[in-house]
2 protein chains.
Amino acid sequence: MKHSLLAAAAALTLTAPSAAQQAPAPAAEIPSPGEIAAAAPAADWIEIPASDLLVMDLALDAKGKPRRVVIQLMPVPFSQGWIGNIRKLAAAHWWDGTSVNRVQDNYVAQWGDATEKKALPEGLAVVPESAYETAIANPAIATNPIRIDPQSPYGIDAYSRSNFFYEGWAVAYDQIWDTLIQDEKGKSIPSNLTQSAWPIHCYGMVGVGRNLSPDTGSGAELYTVIGHAPRHLDRNIALVGRVISGIEYLSSLPRGTGALGFYESEAERVPIASIRIATDLPPADQPKFEYLSTESDSFAKYADARANRRDPFFIKPAGGADICNIPVPVRAAK
Amino acid sequence: MKHSLLAAAAALTLTAPSAAQQAPAPAAEIPSPGEIAAAAPAADWIEIPASDLLVMDLALDAKGKPRRVVIQLMPVPFSQGWIGNIRKLAAAHWWDGTSVNRVQDNYVAQWGDATEKKALPEGLAVVPESAYETAIANPAIATNPIRIDPQSPYGIDAYSRSNFFYEGWAVAYDQIWDTLIQDEKGKSIPSNLTQSAWPIHCYGMVGVGRNLSPDTGSGAELYTVIGHAPRHLDRNIALVGRVISGIEYLSSLPRGTGALGFYESEAERVPIASIRIATDLPPADQPKFEYLSTESDSFAKYADARANRRDPFFIKPAGGADICNIPVPVRAAK
């Protein structure tokens, strides 16, 4: 171990482009996924509308430092009525003074009203369970056809027939032939195809806490994934967005010692100063982010590199990747 | 949201058996995976030898509380020469006074000698890269044949041909036919089958930091996974065990702000008081743990339930599971 600390640091992971920037790269060096994304042309980056950014400011930390968590809300068609509720709750300043109440290791951090007595704003939608999935016949998808590539490096999935990226989001897909009919030769053939898709519970995804079915949650109680993707929650809970900045302020909180990681005392809860849609913040305080278009060639190269690590640290490229190991690149915009 | 806090807690996840214990279950209620494990007969639980437990005591926390992390070292055949090195390092008290130096969000916490100047004990093995995989012809496996069930709920894997559990550990498998020969009809058929298996980088797994290939690391620099399974590291870094208790003392540490999550100042590093094999601790201080035999019927039921959640919270069982979403149940033993 005669190498410098930074050399050792670069050696262990190389997921961050900064590592390779510390020393001149050999001429033949193959770029890491992060380097591929960083080198993508400006046209491949898409600015996230400020109206889709949910900005959560936690109380200052023990040293007086701000803790801002920025969530990108999902656009249609995979997000459903919950998004409207979240906009109403933010507009009503409903979360101000509530708290992070639960942090369960390798699972979720969850926030909302610990007393469960705070009245909700009027007019929140009650969203049906059917909205956990989106029928492929949905016009919003039909006009922007889903491209399913069975040769894609990330199509193999224990939780769905296939998965893919759609306008910046990881989505799973399934199809059901729900009747058998007889063809002219008397052979049974499947009929009545139903195709549907749904967002995936990857690290950092934000979902809507709920009680037992048929409750689907209002959106007032939210959680984010801080561990291995809990894919069994897919199609069982609503997903509404993802944390794109500041997740460390949630993922590094002390784990709750109560059942399911709930904090057992008021003192442990982390107060939420405010939650706002970015457009309701003063212009100078509005965060700006952009994501790498998942429909771009740059993203295809990035995804391939995530599935086949050929940068210098790696010996055996995997030849495939869990879709949750291909996080969509997001960065601050100017 | 008129339900009590605990009702809401139970509703969101139900991964913990404690949730269902809070209220009498309806007669027809289907047990959760945790309940299935808890109900397994004593004979299905296997005590982990104290000689396989690596006990890391971090410095007391800010409130003076102990922080003990217990790691189960992997047995042969999937662990290799690194385990012997780790035993030597612990026997030499080598880690005492070193520190946790790196915490990268959704990736790893890493510990060792931040100065990289501390002399290593003599006689550490230099382990070859070939040891990242284990040939299936290995006698230790041949005497305890690997059972690969293509119908298993967790066989589908983007990173390998299949995966399975072997004596308490999640393992991936691949095969290569590396030549084509002509059969008697002149048809080309594959020959020279090589089968190999390797441990999987799931949450909590412990691995050996290394520099660039051909370095394979001594075992002095260790990390544990604190995020989504970084499976691209499989077969690229040595895995030597898993955290079975106290991972929250690592996963909830502040994230490092340097490249790759390294702490930038001495003050941020978390001192390690001692690391010992449990048999070198006073008897009263030796932790005792047991795991649910992955060869038991109880485990088969547990794994099926993880892949097909039918307990009351769930609407749509997934019908499959990522093997890293089937953590082997481990509990304190009496």
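If you're wondering where the values come from, they're calculated on a predicted model, not measured in any experiment.

(A) Up close: the overall build of chain A. Of the regular secondary structure elements, chain A holds 7 helices and 15 strands. Within chain A, buried positions represent 56% of all 334 residues. The contacts in chain A between residues at least 6 apart in sequence include a share of 70% that link residues at least 24 apart. Surface exposure of chain A reaches about 14,100 Å², of which carbon and sulfur atoms provide 56%.

(B) Expanded view of helix α4 (residues 82-91) of chain B. Residue and element names in this part refer to chain B. Those residues of α4 that sit buried are W82, I83, N85, I86, L89 and A90. On an axial view of α4, the arc spanned by its buried residues comes to 155°, and they lie on one face. Among the structural elements, β2 (53-58), β3 (67-73), β10 (205-208), β11 (222-225), β12 (239-245) and β13 (270-277) are those in contact with the buried residues of α4.

(C) Expanded view of the sheet that holds strand β1 (residues 45-47) of chain B. Residues and elements named next belong to chain B. The strand order β1-β14-β15 describes an open sheet built from 3 strands, whose pairing is antiparallel. Each edge of the open sheet carries a strand with a single partner, namely β1 and β15 (330-332). Strand-to-strand, the axes of this sheet are offset by a mean angle of 30°, without reference to chain direction. Relative to β15, strand β14 (residues 289-292) runs antiparallel, the two being bridged by 3 bridges. Each residue of the ladder has a partner; that of F289, found in β15, is A332.

(D) Broad picture of empty space enclosed by the protein. Counted under the stated rule, the structure contains 10 cavities of 30 Å³ or more. Around the largest cavity, the lining is made up of 16 residues, and of these I156, D157, A158 and D322 of chain A together with D322 of chain B lie nearest the centre. Residues that form the lining of the largest cavity fall into these classes: 8 nonpolar, 2 polar and 6 charged.

(E) Examining the sheet that holds strand β7 (residues 162-166) of chain A more closely. All names here are of chain A. Strands sit in the order β6-β9-β8-β7 across an open sheet of 4 strands; the sheet is antiparallel. Each edge of the open sheet is held by one strand with a lone partner, namely β6 (134-135) and β7. Pairing analysis gives 5 bridges linking β7 to strand β8 (residues 169-182), with the strands arranged antiparallel. What sits directly across from Y166, in β8, is W169.

(F) Looking closely at the layout of surface pockets. If you add up the space inside the second largest pocket, you get close to 1,600 Å³. Taken together, 49 residues make up the lining of the second largest pocket; nearest its centre are P327, V328 and V330 of chain A together with D105 and N106 of chain B. For the lining of the second largest pocket, the secondary-structure elements that each account for two or more residues are α2 (17-21), α3 (33-38), β8, β12 (239-245), α7 (297-307) and β15 (330-332) of chain A together with β4 (99-104) of chain B. Of the residues in the lining of the second largest pocket, the class split is 29 nonpolar, 14 polar and 6 charged.

Rules used throughout
- Residues numbered from 1 in each chain as written.
- Chains lettered and ligands numbered in written order.
- Predicted model: local features only at pLDDT ≥ 70, side-chain atom pairs only at ≥ 80, totals over all residues.
- Heavy atoms only, no water.
- Helix = DSSP H or I, 4+ residues; strand = E, 2+ residues; numbered from the N terminus.
- Buried < 20%, exposed > 50% of the residue type's maximum accessible area, 1.4 Å probe, protein only.
- Contact = heavy atoms within 4.5 Å.
- Areas by Shrake-Rupley, 256 points an atom, 1.4 Å probe, with all protein chains shown as cover.
- Arc of directions from axis to C-beta.
- Pairing = 2+ DSSP bridges.
- Axes fitted to C-alpha atoms, helices over the stretch in contact; angles between N-to-C directions.
- 1 Å grid on protein atoms, 1.4 Å probe; cavity = no way out; pocket = protein on both sides within 12 Å on 5 of 7 lines; lining within 4 Å.
- Points joined across faces, edges and corners; volume = space filled by probe spheres on them.
- Nonpolar A, V, L, I, M, F, W, Y, C, P; charged D, E, K, R; others polar.

Purely geometric numbers; function is a separate question.
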